[in-house]
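Next come the chains, spelled out residue by residue.
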Amino acid sequence: MSTVNTWTSTQHFWLIILGFFVAFLPRFIPLMLFTKREIPEWFNEWMKFVPVSLFTALVVKDVFIDSKSYQLMFTQVTEMLAAVIVIIIAYRTRSMALSVITGLIGVFLLSMVI
């Protein structure tokens with residue numbers, strides 16, 4: 001069964017414009033609000049944990065959760081070992097870029113060995 005696109009060029013244009021505003025406004029509004037006000041210190045302290053928590057959530061989901069059945073699994077040994085290496089590198093260097101590069105190289109090399 002094939003679907004045929006019956007939209008006109010004008011409809012495509014308005015979809016692109018709408019997509020622009022949907023992507024732009026959530027970034028622009030906080031920028032405008034916080035440039036005129038002083039950000040509270042508690043908010044700055046809280047925001048320091050956001051990148052770490054997002055990174056952890058993504059890694060844990062990919063390493064320990066099966067995407068088809070959403071069950072906990074412990075079968076991805078190479079990824080788990082690479083995660084331990086990344087944790088050590090991230091703790092010592094505090095560098096997100098170095099941690100990601102080390103993780104990619106670690107998974108590559110460990111998958112060749114194991």
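Remember, predicted model here, so these are calculated numbers, not experimental data. (Residues numbered from 1 in each chain as written. Predicted model: local features only at pLDDT ≥ 70, side-chain atom pairs only at ≥ 80, totals over all residues. Heavy atoms only, no water.)

This part covers the side chain of T102. Topologically, T102 is positioned in helix α5 (residues 96–113). Within polar-contact distance, the side chain of T102 engages the backbone oxygen of L98 at 2.6 Å. In this view, T102 contacts I85, V86 and I89; residues no more than four positions away in its chain are not counted. (Helix = DSSP H or I, 4+ residues; strand = E, 2+ residues; numbered from the N terminus. Polar contact = N/O pair within 3.5 Å; in protein donor to acceptor, adjacent residues only side chain to side chain. Contact = heavy atoms within 4.5 Å.)

Moving on, we come to the packing of aromatic side chains. This structure, assessed with the given rule, holds eight aromatic pairs. On the basis of an interplanar angle of 10 degrees and a centroid distance of 5.3 Å, the ring pair of F20 and F24 is categorised as stacked. Pair noted here: F20 and F24 are both in helix α1 (residues 9–35), with a separation of four residues, about one helical turn. Relative to F43, the ring of F34 lies with its centre 5.8 Å away and its plane at 25 degrees, an arrangement referred to as stacked. For F34, a relative accessible area of 36% gives the class partly exposed. (Phe/Tyr/Trp six-rings, centres within 6.5 Å; stacked < 30°, edge-to-face > 60°. Buried < 20%, exposed > 50% of the residue type's maximum accessible area, 1.4 Å probe, protein only.)

Turning our attention to the pattern of salt bridges. Under the counting rule described, the total for this entry stands at two salt bridges. Residue E45 pairs with K48 through a salt bridge whose shortest N-O separation is 3.1 Å. For K61, the salt bridge identified is with D62, shortest N-O distance 3.0 Å. Given a relative accessible area of 46%, K61 falls into the partly exposed group. (Salt bridge = Lys/Arg side-chain N within 4 Å of Asp/Glu carboxyl O.)

These figures come from the coordinates and say nothing about function on their own.
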